Structures are given as C-alpha cells and as structure tokens.
Amino acid sequence: MILDGKAVAETVKADVTARVAALKERGISVGLATVLVGADPASHVYVRSKRRTAEATGINSYHHELPADTPQVEIEALIEQLNADPAVDGILVQLPLPKGLDSDRITELMDPSKDADGLHPFNLGLLVLGRDGLTPCTPTGVMRILEHYGIDVSGKNVVIVGRSFLVGRPQALLMTQRGADATATIAHSRTRDLAAVCRAADIIVAAVGVPKLIGADHVSPGAVVIDVGINRTDDGLVGDVDFEAVKDLASAITPVPGGVGPMTVAMLMHNTVSAAEKRAGV
Ligand code: NAP
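Just so it is clear, the model here is predicted, and its values are computed rather than measured.

### Here's the deal with a nonpolar patch on the surface
- A surface patch of nonpolar side chains, amounting to about 180 Å² of accessible area, comprises Val 208, Val 210 and Leu 213.
- Relative to the helices and strands, Val 210 resides in the loop between strand 6 (203-206) and strand 7 (224-227).
- Using a relative accessible area of 36% as the deciding quantity, one classes Val 210 as partly exposed.

Encoded structure:
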C-alpha cells in the first residue's frame, strides 16, 4: 500500500478551512506570519508553498523576507513585533537561518502560543510532559498519516532513524504518548548495525538526510516504512529510503515526493488555526 500523504494533507486542509471559516463567522480572522532570511532556494520553495496553502485555507498570510546579512537584533525586533500583533496567530521562522544568526534565541523569543512550528522549548517541554501544546509539524504529520490509514502503533516496535529536535526526537515522544503507546527506538549515526536494529521494527521512520540509506536489508517483510527524507540529488528529489528496493517488502510505504512533505505544510496550518481557536477561547 502506498501511503498518499498528499491525499491525507487534503483532508487536514479541508478541516482547517472549515475551522477558519467558523472563526470568521464570529468575526475572527486567522493569520500566519512567515519569516524568511537569506536566499536559500529550498527555503524559498518551502515558504512559498506554506504561504499558498495558508491562503487556500482562508488564513491571512503575512510575509517578511530579509537579506542574509540582516543583524540578529533586527530579526529579534521583528519577532517581538509579531508576538504583539493581534492579527498574527502563528509565526513561522524558516530554518535553517543563515550562518551567524542564533536560531535558538530567535525561536525562544517567540510567544509559545504563536509557535506554529511547535519547536519552542516550552512546547517541546509540554510534549515531554504529555500535555497539550503545539507539536512539531513533521512528526505530527507522520502520526496523522498512520491514523488515516488505520495503522495502529499501539504495542508496535517503532524504529526512528535520526535524532534531530525537528523530527526524530519528537517523533519518538509522539509514538510513546499515552494513547499512541508504541515502543520506540531512536537510531542515529553512532548506532551499531543499523540494519539489524531496523529489521526488528514493525514501523520504520527514516529522518536522516542520506539518500536511499534504508534498503532491503533494513526492512522485515510486512513492515511499515515512513520516509521523511527530502534529498536534492542529480536524479531529483530522493528520500532516505530506497523506494524501489523496499516497496515489495513493506506492507505500506510513503513515497517521496508526495508522502510526508505535504503533511508538514498541512500541520502548520492545523497548528495556526488551533492557536487562533485557543486565543478566541473556542
Ligand atoms: P538532521 O538534523 O541532519 O538529523 C539527521 C539525523 O540522522 C541525525 O540524528 C544523524 O545522527 C542521523 N544520521 C545521519 N547519518 C546517519 C547514518 N548513516 N545512519 C544513521 N543515522 C544517521 O536532519 P533532520 O532535520 O532531522 O532531517 C532529516 C531528513 O528529513 C532530511 O532529509 C530533511 O530534508 C528531511 N525533512 C523532511 C521534512 C518533510 O517535511 N518531509 C521535514 C523536515 C526534514 P547524529 O545525530 O548522530 O549526527
């Protein structure tokens, strides 16, 4: 089974559109501010897609584009301005920021209730505590894909390859929350015999950034394979999973593109409307 992230993202966006419209009926509009610093082409593509999706769901998009040599203090002042702006419910600072900028400090300055990416230490702390908060878009999107296709993670062995704060670690927290109840292993570049670790998995989530790292050796027959990787190669966009080698072994697999990527954007809109509802007391 191919897990069609694009189709699942459409269902999330339809839900967001309805919630935005319901707020509008009460005289409340929803706003997402995007902050893009520098000229990284991939970041420009991502932000364009996020702005377009915001507008398609009825969310007002406020875009701030700054040159790579913008001083840290100027970006910090912009974040403070967005924190105070009642039209802004969600703030997205596109990462990575150009060298020399302190992205941790910029994230920490953000009002956690407007942290559309769910990456503020306060929100990550709530996730550790198992309390409600804004959760990181990509791993939350992975959970939503599994849920949509009725793939229950409860009691399953999940191996997550990659330990970034953006994907791998929050993915493990979401998998092991009460209610999800998976058993999670986080593998990384120092893991011994990655293939053997992965073969023990019912579900593999690959978030590595190494094209086609996960091959037939890593996948037990019938395992579910979620490919978070987006790698730009001479052959175009390639995931962290060798799709051709694995697709007949896996019981279900996400493609790249069209798998997890569209979910990340959809969950950003979900977080933004959730933030607006919370502010409105809905
Ligand atoms: P990251 O911060 O670079 O983290 C990569 C992780 O992979 C690290 O924990 C690293 O281990 C581990 N790793 C690297 N080489 C490995 C190897 N040979 N064997 C086992 N583990 C290895 O990357 P990220 O931000 O999590 O992103 C991962 C991938 O997902 C990238 O391709 C990125 O473009 C993609 N991504 C996609 C979306 C989406 O919307 N689909 C969103 C975010 C990211 P160490 O910690 O030991 O170095």
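### Quick notes on the sheet that holds strand 2 (residues 60-66)
- Spatially, the 3 strands line up as an open sheet ordered 2-1-3, and their pairing is parallel. Where the open sheet ends on each side, the last strands, each with one partner, are strand 2 and strand 3 (90-93). With strand direction ignored, the average angle separating the axes of adjacent strands in the sheet is 15 degrees.
- As paired strands, strand 1 (residues 31-37) and strand 3 are joined by 4 bridges and run parallel to one another. Of the residues in strand 3, the one forming a bridge with Thr 34 is Leu 92.

### What about the site of the ligand?
- Taken together, 22 residues form the shell around the ligand, and within it Arg 163, Ser 164, Ser 189, Val 228 and Thr 264 come nearest.
- At 2.5 Å from an oxygen atom of the ligand is found a side-chain nitrogen or oxygen belonging to Ser 189.
- Out of a free accessible area of 930 Å², the ligand has 70% covered by protein chains.
- Of all the cavities here, the one that holds the ligand is the largest pocket.
- With 3 residues, helix 10 (residues 260-280) is the largest single contributor of residues to the shell around the ligand.
- Split by residue class, the shell around the ligand holds 11 nonpolar, 10 polar and 1 charged.

### A closer look at the nonpolar core
- Formed by 45 residues in total, the largest nonpolar core has its most connected members in Met 175, Val 205 and Ile 226.
- At 9 residues, helix 10 tops the list of elements feeding residues into this core.
- With residues near it in sequence (within four places) discarded, Met 175 still touches Met 143, Leu 146, Val 153, Val 158, Ile 160, Ala 180, Asp 181, Ala 182, Ala 184 and Val 205.
- Residues Val 159, Val 161, Ala 201 and Val 225 belong to the second largest nonpolar core, which totals 16 residues.

### Focus on the side chain of His 270
- Structurally, His 270 is set in helix 10.
- Those residues in contact with His 270 that lie beyond four places of it in its chain are Val 12, Val 16, Arg 19 and Arg 144.

### Quick word on the pairing of strand 5 (residues 183-187)
- In this sheet, strand 5 lies alongside strand 4 (residues 157-161) in parallel orientation, the contact comprising 5 bridges. Residue Val 161 lies in a different strand from strand 5, and its bridge partner there is Ala 187.

### A few points about the sheet that holds strand 6
- On the basis of which strands lie adjacent, the open sheet formed by 5 strands has the order 5-4-6-7-10 and parallel pairing. For this open sheet the edge positions go to strand 5 and strand 10 (252-253), each flanked by a neighbour on one side alone.
- Against the sheet, helix 7 (residues 168-176) touches strand 4, strand 5 and strand 6, its axis set at about 170 degrees to strand 5.

Scoring rules and cut-offs
- Residues numbered from 1 in each chain as written.
- Predicted model: local features only at pLDDT ≥ 70, side-chain atom pairs only at ≥ 80, totals over all residues.
- Heavy atoms only, no water.
- Patch = residues over 30% accessible without salt bridge, like charges linked within 9 Å, V, L, I, M, F, W, Y side chains within 5 Å.
- Areas by Shrake-Rupley, 256 points an atom, 1.4 Å probe, with all protein chains shown as cover.
- Salt bridge = Lys/Arg side-chain N within 4 Å of Asp/Glu carboxyl O.
- Helix = DSSP H or I, 4+ residues; strand = E, 2+ residues; numbered from the N terminus.
- Buried < 20%, exposed > 50% of the residue type's maximum accessible area, 1.4 Å probe, protein only.
- Pairing = 2+ DSSP bridges.
- Axes fitted to C-alpha atoms, helices over the stretch in contact; angles between N-to-C directions.
- Near = heavy atom within 4 Å.
- Polar contact = N/O pair within 3.5 Å; in protein donor to acceptor, adjacent residues only side chain to side chain.
- 1 Å grid on protein atoms, 1.4 Å probe; cavity = no way out; pocket = protein on both sides within 12 Å on 5 of 7 lines; lining within 4 Å.
- Sits in = over half its atoms within 2 Å of the grid points.
- Nonpolar A, V, L, I, M, F, W, Y, C, P; charged D, E, K, R; others polar.
- Core = buried A, V, L, I, M, F, W, Y, C linked by side-chain atoms within 4.5 Å.
- Contact = heavy atoms within 4.5 Å.

It is worth stressing that arrangement in space is one thing and function is another; only the former is reported here.
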